[in-house]
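# Results of the structural survey
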Amino acid sequence: MALTPVLTAHWDDPNSFEITSYKKHGGYVALKNSLKMTPDEVIGIVKDSGLRGRGGAGFPTGMKWSFVPQNDGKAHYLVVNADESEPGACKDIPLMLANPHSLVEGIAIGSYAIRANHAFIYIRGEVPHAIRRVMNAVEQAYADGFLGKNIQGSGFNLDVVVHAGAGAYICGEETALLDSLEGRRGQPRLKPPFPAVAGLYASPTVVNNAETLASVPSIILNGADWFKSMGTEKSPGFKLFAVSGHVKRPGIYEAALGTPMSELLDYAGGMRKGSKLKFWIPGGSSVPMLTPDHIDIPMSYEDLSAAGTMLGTGTPMMFDHTTSVVKAVTRWLEFYKHESCGKCTPCREGTYWITGVLEKFEHGKGKEEELEVINDVCGQIAGRSFCALGDAAATPFPGAMKYFAEEFRQATKTSADASFPPSATTIFEKASV
Amino acid sequence: MAELPQMMRAFGVTFLSMFRKVTTEQYPEVKVPTQERFHGKHQLNRHPDGLEKCVGCELCAWACPADAIYVEGASNEEGDRFSPGERYGRVYQINYLRCIGCGLCIEACPTRALTMTNEYELADNSRTKLIYEKEDLLAPIQPGMVQPPHSMIDDFVAQDYYDGKVTGASAEQFAEVELIKQKNQGI
Amino acid sequence: MTLTSDNKQTNTENSITATIDGIQVQVPKGTLIIRAAERMGTFVPRFCDHPALAPVAACRMCLVEIEGMPKPQPSCAIALTEGMNVKTQMTSTVAQEAQAGVMEFLLINHPLDCPVCDKGGECPLQNQAMTAGRAESRFDIEKRTFPKPIELSTEILLDRERCVECARCTRFSEEIAGDPFIELLERGAKQQVGIATDEPFNSYFSGNTVQICPVGALTSSSYRFRARPFDLVSVPTTCEHCAAGCSLRTDYRRETVMRRLAWEDPAVNEDWNCDKGRFAFAYLKENRLTQPKVRTKNGNQVDALWPDAIDFAAKGILQAKGKVGVLLGGRLTMEDAYAYSKFARLALATNDIDFRNRVNSEEEQDFLGSVVAGSGGSVTYADLEKAQNVVLVNFEPEEESPIIFLRLRKAAQKGNLKVTAIAPYLTRSLEKINAEVVATKPGDEAKVLRGLKIAQESIILVGERAAATPGTLSAVIEIAEKTNSKLSWIPRRAGERGAVEIGALPNLLPGGRPVTEVSARNDVAAIWGVNGSDIPNKPGRNHSEIIQAALSGEIKALVIAGLDVMDAPDPQALGQAINAVDFVITLGIQENSLTRYANVSLPVAPVTEKSGTFINWEGRPRPFGRAITSTNALTDARVLAMMAESLGLDFGLQTIEELRQELSSFGSWNGKKLDKPSVASIGAANVSVGSAILSTWNLLLDDGALQKGEEHLAGTQRPVVAHLSAKTAAENNLESGDKVTISNSRGSIIIKLEIIEMVNDVVWIPSNNHDSKVKSKLGAKEGDVVTIQKGSF
Amino acid sequence: MSIKTITEEDIKTLETLAAKYPVRRSALLPMLHYVQSIQGMVSPAGIQVCARVLDLTPAEVAAVATFYTMFKRFPMGKHHIGVCTNTLCALLGGDELWKQLTDILGIGHDETTADGLFTLERIECQAACTVAPVVTVNWEFMDSMNPKAVRELIEKLKMGAPVQSTRGVQITSIAESGKVLAGINDGKYAESPLADDSMLAGLRVAKERKMSAPTGKGAK
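This structure is a prediction, so every number in the text was calculated from the model and none was measured. (Residues numbered from 1 in each chain as written. Chains lettered and ligands numbered in written order. Predicted model: local features only at pLDDT ≥ 70, side-chain atom pairs only at ≥ 80, totals over all residues. Heavy atoms only, no water.)

### Focus: the overall build of chain B
Helix and strand content of chain B: six helices and five strands. Across chain B, helices and strands are ordered from the amino to the carboxyl terminus as α-β-α-β-β-α-β-β-α-α-α. Computed over C-alpha atoms, the radius of gyration of chain B comes to 24 Å, more than 25% over the 16 Å expected from 2.2 N^0.38 for 187 residues, which places it beyond the range of a compact globule. Principal-axis analysis of the C-alpha atoms places the extent of chain B at approximately 90 × 35 × 35 Å. Taking all 187 residues of chain B together, the buried fraction comes to 40%. Of the contacts made within chain B by residues no fewer than 6 positions apart, 73% connect residues no fewer than 24 positions apart. Between the mean site of the 19 positive side-chain charges and the mean site of the 27 negative ones, chain B shows a separation of 7 Å. (Helix = DSSP H or I, 4+ residues; strand = E, 2+ residues; numbered from the N terminus. Rg over C-alpha atoms; globule rule 2.2 N^0.38 Å. Buried < 20%, exposed > 50% of the residue type's maximum accessible area, 1.4 Å probe, protein only. Contact = heavy atoms within 4.5 Å. Lys, Arg positive; Asp, Glu negative; His and termini not counted. Charge placed at Lys NZ, Arg CZ, Asp CG, Glu CD.)

Structure below.
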């Protein structure tokens, strides 16, 4: 395996976010090629490539597109999920910063394929810098005739609106995102109907992750086989891996799916000096954690699934021996409590409860029998909540207990800060304090 | 005279009885205390600051097998508070013609507002007089209490009352009631 | 086991077979699991689910196990499909544990205040906590608390601690009432129901949210802490307010009505009622008359015994026999109205009887006699729900018959109903039923109707205000016939349709029989046990004519019953008429200005203290029994029977059974009906700057007599403003927010102006709110010309 | 602090935002961003205005405004300072920075300094984990912060000295970012450097180790 810069290939170009730079490196050719094909042919190529959603669930993109009913006389919509908020995930925003045109081109191709004349890019509101870049890219694409009326003389029209969220992790859930985009509270919708049948404004809608769409132009340009030549059989292609935590060089590493974590860690320069890996999470806090024993695991959908976790967003967080698992889990639960939309009982009340108890453990005041209670409560959320946020909230604790039960028992006596002094965990250079 | 010893024995019983303690009760001149847990007249208790414990929930009335209790609740308003929390018992009646002293009402009371005293003198020559009203049932104001209506102790919530955090009326409560008294006299 | 919506043969194409708890069930396609289970006797616990609301599956209480699905599924949101194998908590530990888990979650933050909670004793959370809850809580950290309660409106209170976030209330307000004034605010554990800072929950249907709240989070100010559910006696009743005919549940304790709830009636009010029907019953206690009173020679009113009062009254009217007018209100039960109808004809030998204590005309009389009386159920609620086209003429549904509004809204929400309203402007409630308004000046209705393209087989609903503008009702009949449309007349009061049916009108006898028809008179006479010639054969005087005749001395005595003087078309004239006649008998429940004028004032029973029947606008009888039995209040019919007896008549009608028996013997009238009216329209008045045509109607919540004593309800009245079009306002130099004086020779009303999009030259004001009292202050009606002027005098 | 009123001109802007969408209500979030940029908060009056423009009830707008954490119902200071205290940032130093900022500014979560200069907020994951710990100023990122840099940042902001975000624009005030979030392009997309070290980390290693994606047909 190796690093495979495709999306990131030209990020070192000082103007990589400008259309001139993008075009210089073959930008928008894929769109022109697509417009010469029928929409179904475009869907066919994406289907063949085996591209899977990069947002977390890993649903095959081509299949998703093909679910949209054709010639139903209704307006169709493409909605880009760029609400990247999962703790640990940080790949879509760098992508939109450095290479927004790949996304815009992907949108144009995707919209053409699903016969949508309206696309929306839903970007979380906390990142005005990324929003500026995407807004600019959209404007440049309009100016060059890649968006708007009669694109490149094909007769295909597409309007793209850049839409900012306003601080709600739940809007990363596709139906909640649609409600939010309709100007409502971002609470998930009852499925069915699925968005492909009745999504935005009750019309057929495809919701794709930003990275997914940005990967499409290269597939159209180079073909499905080229894409499949990277990665594994079930997880073809390249992916942005954002390695963070106690590593020497945290950052974006674009590599083929199935690249072992140990290899990615090597690219990232290994763990920081004098530290050793304690636990790691392959793709956002919503997927169960792993230990150093699992470091050689290939970063693919299927291999991680077999290991009892998930690829998720493909953004590994690496924590070293100075880290308090109790504190880490408590913070994640505080996050889920804060971000629970409140619609369903298990998630709303369960996160409130677990967080309250975990906070006692963080301060060394937990009672051992309460560990069993938290475990039960997690079980009462998992599989019973309205959407996946509840399931996600029920993940960190049982995952941590699997490997670090002793540390939780310790937390009935000693606070997290006493067991794991924060000064050791922080990454500040002495000089900067 | 074979019966003589028998007769003597019999007189012996009488004779010995002369020295036994008499069991006749000299009621009403002498009132003998009842057993500790005797089910006597009810009492509506107060919190240590004088606020009533009754919340007017009617559970006593519902529990009563003889339908002897009638309660009407009402809302505590600012400046017109009788109990901590939102609700108090505006009307509270026990009909002692009906009451069978079973004590189920006491068990039903969620705030320990209703208890039974050992008072057993519950007779009268008028039926209406045997319907006891709230003022007949309320526990008297003890030293340290002030007569409601008055506010709760500053910064306290109803839960603090139930948690037993109140030990007596505060200076503010005394002042408040005093002020109301003066105002009323002024008018 | 077969479960179908009715007893018709099951259509196998539209039904599916599945298994619930091992029992095979056959249900119509699309039946939700929770309903199917319920119909086979298994109650799956639920909070957010409500049969009238769209499923949301938010509370997760109703989770069940479905074979082949990895996770438990919400039974409230999943329809049963062919061959599905469902296991509820009865047979599945997965379902049982899932439900227990959700219950535990619901209780962690729920306060332990059941003893002081109004819902305690009838609370689904309480009940389900007993079946699915743990005995002891494992939750030992601090509960979420909120200050309690907060006022959503003067009538509705919210205790956020008790809320389980099921969103029934907010969904009801949005989906059913169309008044999204309450919403879920905040997020996650802080999520709570609330209102915007500057707009309270003043919906006419707000009370329903209290009823459907599955916990004690929503309570009403009027019932708060007044009684516990287990201490109430519940009886089914019919609402006495409007002509909708809602089924209600009246809860009373110790002979006092504590609250009223909507009683489910799928054919009429479904699960709902309006706030007036729910909360406006305090009048039952206000100024109740309990004792007959007679006026002595020295002019004082004194209490009298019943026999003396009856004798006195009988003597009084005997003196005036043939010169007695009978003025009734629109709120009598059919049985009582019938007694008046019979009493007028037999005891008073007159047809001078009219129940229309409101704007009325001869045209309307003929309309009622020819089109309404005896027409049965020409249009029903179900018809409205299925309708494609509905035309509203002088009828504002939400204000004048709110349950019709809900049905129209339900149909409009489904998207297949088009409502066209002949009205001066598009009101917010018309907007909520997606109505299209043909902006019309009062007086121009007939012209507009004739010029309108109305689809064949529409439904035309015409309100009582149509009587105010000559020619409107004639045009309505004409258009209905031309377009083959169904026509229905919507009165505002509960008793009006019944009064039409039993002939409490000068030209009608019971069953739509014209007084002028000899066979009609003979029919009636046979039942009454008299000769046909005993029944007067000439049409009598109507309300206005009776008053005129009283003023001119042609009428010497008045029998006035169930009538509020402020409702009269001209309260001033009514007052003068009462002064002018020699003898006045009033029958009513309350002491008021009328009873104080009476020579004999007789107390009668309010609806809660008698049995009776209201005929709703559909023509559907809505019988109800007596709720409160311990009072000795007499019905109007019983009092009349006593009076008739005192006059030596064989009147009958001593009991409600006897009355109903007699009423049922009338049967339908197949003879000649009254001629349909054909009155020419005179069109809207011409106005110049400084004047305008008056448009007005009664708002649902106003200062009506039956809403007295309920301050909390009054607090939710709509704002009192006048409406003008921008053009008319500009011509008169008026701006929004200005005070405008609306006046005529009689008096004036000063009111705040709000400029809206509406027909020019028309000023709209509410009929009976605060200072805007059209009848008593102006004595005017819709279509009259009034002066408009900036500011106050 | 007096709250600015919403002018007729602003309402016109709100109208143009609403007109951008096939269904006007979709513009509600952008509109609230705009209102907040004018008023420094979403006030009841702001809610009223949005409700009027979109023909909603104020309750419907309030329901949305209170759902999203970026909308504040109290007047914000000139600068909004966010400190990520989600797990990764917190452990890598966010907790320390938070403590430091509360000490320096003397305020806690969602509070504003008396001089009206700063509002402080504990924020959740900002999707910048590779540059943790992260502090935001008016939602512009200050990557890989440390206590010394935080001290300097606050001092500079207090003095009104220019501060450049590591990824975004030069700091002005919270009002500025609100307009961008409302969808109004301020054209400052190129004001910041292209990408930081973390973004280029992979590409650099690839170049160093001469790794690349397979060559495809490419753009011919």
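### Topic: the overall build of chain C
For chain C, the count of helices and strands is 25 helices and 37 strands. For chain C, the C-alpha radius of gyration of 28 Å lies close to 28 Å, the compact-globule estimate for 793 residues. Each of the three principal axes of chain C carries a C-alpha extent, and together these read 85 × 65 × 55 Å. Surface exposure of chain C reaches about 28,800 Å², of which carbon and sulfur atoms provide 49%. On chain C, the mean spot of the 87 positive side-chain charges and the mean spot of the 97 negative ones are 1 Å from each other. (Areas by Shrake-Rupley, 256 points an atom, 1.4 Å probe, with all protein chains shown as cover.)

### Quick word on the interface of chain A and chain D
With 100 residues of chain A in contact, the opposing surface of chain D contributes 83 residues. Around 7,200 Å² of area is buried between chain A and chain D when both sides are counted, 63% of it from carbon and sulfur atoms. Here chain A is connected to chain D by six salt bridges. A salt bridge links R209 of chain D to D266 of chain A, with the shortest nitrogen-to-oxygen separation between them at 2.9 Å. The interface formed by chain A and chain D contains 30 residue pairs in polar contact (both at pLDDT 80 or more). Considering only residue class, the side of chain A that touches chain D consists of 51 nonpolar, 30 polar and 19 charged. (Buried area = accessible area lost by both parts, 1.4 Å probe. Salt bridge = Lys/Arg side-chain N within 4 Å of Asp/Glu carboxyl O. Polar contact = N/O pair within 3.5 Å; in protein donor to acceptor, adjacent residues only side chain to side chain. Nonpolar A, V, L, I, M, F, W, Y, C, P; charged D, E, K, R; others polar.)

### Structural notes on the packing of helix α18 (residues 543-552) of chain C against helix α19 (residues 571-580) of chain C
Residues and elements named next belong to chain C. With their axes 8 Å apart at the nearest point, α18 and α19 run at an angle of 45° to one another. Taken together, α18 and α19 sit at an angle that is classed as oblique. Crossing hand, α18 versus α19: left-handed. Touching I547, A550 and L551 of α18 are A573, L574, Q576, A577 and A580, all from α19. Of the residues assigned to the contact of α18 with α19, the class counts are seven nonpolar, one polar and no charged. (Axes fitted to C-alpha atoms, helices over the stretch in contact; angles between N-to-C directions. Parallel < 35°, antiparallel > 145°, perpendicular 65-115°, else oblique. Left-handed = near helix turned anticlockwise from the far one by under 90°.)

### Regarding the sheet that holds strand β5 (residues 131-132) of chain B
Residues and elements named next belong to chain B. One open sheet accounts for three strands, arranged β2-β3-β5; its pairing is antiparallel. On the outer flanks of this sheet lie β2 (69-75) and β5, each paired with one strand and no other. In the sheet, strand β3 (residues 87-95) pairs with β5 via two bridges, with the strands oriented antiparallel. The partner of I94 across the bridge, within β5, is Y132. (Pairing = 2+ DSSP bridges.)

### Quick notes on the packing of helix α7 (residues 306-319) of chain C against helix α21 (residues 636-646) of chain C
The axes of two packed helices give the description: the angle between them and the distance between them. Residue and element names in this part refer to chain C. In contact at an axis separation of 9 Å, α7 and α21 are set at 65° when each is read in the N-to-C sense. Taken together, the axes of α7 and α21 are roughly perpendicular relative to one another. As α7 packs across α21, the resulting crossing turns out to be right-handed. Across the interface between the two elements, W306, I310, D311, A313, A314 and I317 from α7 touch V639, M642, M643 and S646 from α21. Here the residues of the contact of α7 with α21 sort into eight nonpolar, one polar and one charged.

### Considering the arrangement of the chains
Ranking the four pairs of chains in contact by number of contacts places chains A and D first. Separated throughout, chain A and chain B approach each other most closely at a C-alpha pair spaced 21 Å apart.

### Concerning the pairing of strand β18 (residues 389-393) of chain C
Residue and element names in this part refer to chain C. With five of five residues buried, β18 lies mostly within the body of the structure. Every second residue of β18 is oriented toward a common face, with N389, V391 and V393 on one face and V390 and L392 on the other, all of them buried. In terms of strand pairing, β18 meets strand β19 (residues 418-423) through five bridges, oriented parallel. The partner of V393 across the bridge, within β19, is I422.

### Some points on the interface of chain B and chain C
Each partner contributes to the interface: chain B provides 15 residues, whereas chain C provides 15 residues. Across the chain B/chain C interface, buried area totals approximately 1,300 Å², and carbon plus sulfur atoms make up 55% of it. It is Y70, E86 and R87 of chain B in chain B that bury the most area against chain C; as a group they hold 47% of the surface buried on that side. At the junction of chain B and chain C, the tally comes to four salt bridges. The salt bridge involving D118 of chain C is made with R87 of chain B; its shortest N-O contact spans 3.7 Å. For the pair chain B and chain C, the interface holds five residue pairs in polar contact (both at pLDDT 80 or more).

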